[in-house]
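Read off the chains here:
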Amino acid sequence: MGNNFALISAYLIKQSYFKLSNDRFVDFFAHQNEKPKEFNQNEFIELRTIGFGSIFAISLMFDIEQERIFAIKKPNIIDFEIPKLTKREKKNYESMNHPLLPKYYGIIKENDYLVIEFINGQTLKNIDEIKFNDKFTFIYEIMLIIQYFHENKQILRDLKPDNIMI
């Protein structure tokens, strides 16, 4: 039975990868009216860690009910500032609405981990491996995002190649 469960799980996870849109604008408008929700920890399977920062880690999450993949942002250290940082980031995500920014889907209510859109790609850190013409598109998109933050009187505090997913 355990082997069958693993096969079924692998199949469902693979199907959820196929559901990911490569068109940011189509995906944005398709999910624009979704309201943030409180997830229960037992509603998903945590698959693997996909990134680390100095305070937080990002893990890949498979939502069993929706059969979709999300990213979870959770602390990777113990620090009394984490609730304040999480609350501020949640507030920021709730105020953002742009197709080139990751969508905020809610929190895991047991521990206040943020649930955000998983973007399947690579970081801008690997820009040397990108075609010359595509670089102009990425520069233009970054300019649009900076303009969006500027118009909404927000500050982009951690802009660096590792934090830009393409």
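Details of the structure are given in the entry above.
These remarks concern the structure in this document.

Thresholds applied
- Residues numbered from 1 in each chain as written.
- Predicted model: local features only at pLDDT ≥ 70, side-chain atom pairs only at ≥ 80, totals over all residues.
- Heavy atoms only, no water.
- Helix = DSSP H or I, 4+ residues; strand = E, 2+ residues; numbered from the N terminus.
- Rg over C-alpha atoms; globule rule 2.2 N^0.38 Å.
- Phe/Tyr/Trp six-rings, centres within 6.5 Å; stacked < 30°, edge-to-face > 60°.
- Lys NZ or Arg CZ within 6 Å of the ring centre and 35° of its normal.

Examining the overall build of the protein
Secondary structure summary: the protein contains 4 helices and 6 strands in total. Counting from the amino terminus, the protein carries its helices and strands in the arrangement α-α-β-β-β-β-α-β-β-α. Taken over the C-alpha trace, the protein has a radius of gyration of 17 Å; the compact-globule value for 166 residues is 15 Å, and the two agree within 12%. Principal axes of the C-alpha set define a box for the protein whose edges measure 50 × 40 × 30 Å.

A word on the packing of aromatic side chains
Tallying each qualifying case throughout the model produces 5 aromatic pairs. Each member of the aromatic cluster is reached from another via a ring pair, and the members are Phe 39, Phe 70 and Tyr 105. Between the NZ or CZ atom of Lys 37 and the centre of the ring of Phe 39, over which it lies, the distance is 4.7 Å. When the ring centre of Phe 56 is taken as origin, the NZ or CZ atom of Lys 73, which lies over that ring, is 5.1 Å away.

By themselves, these observations are geometric and do not establish any function.
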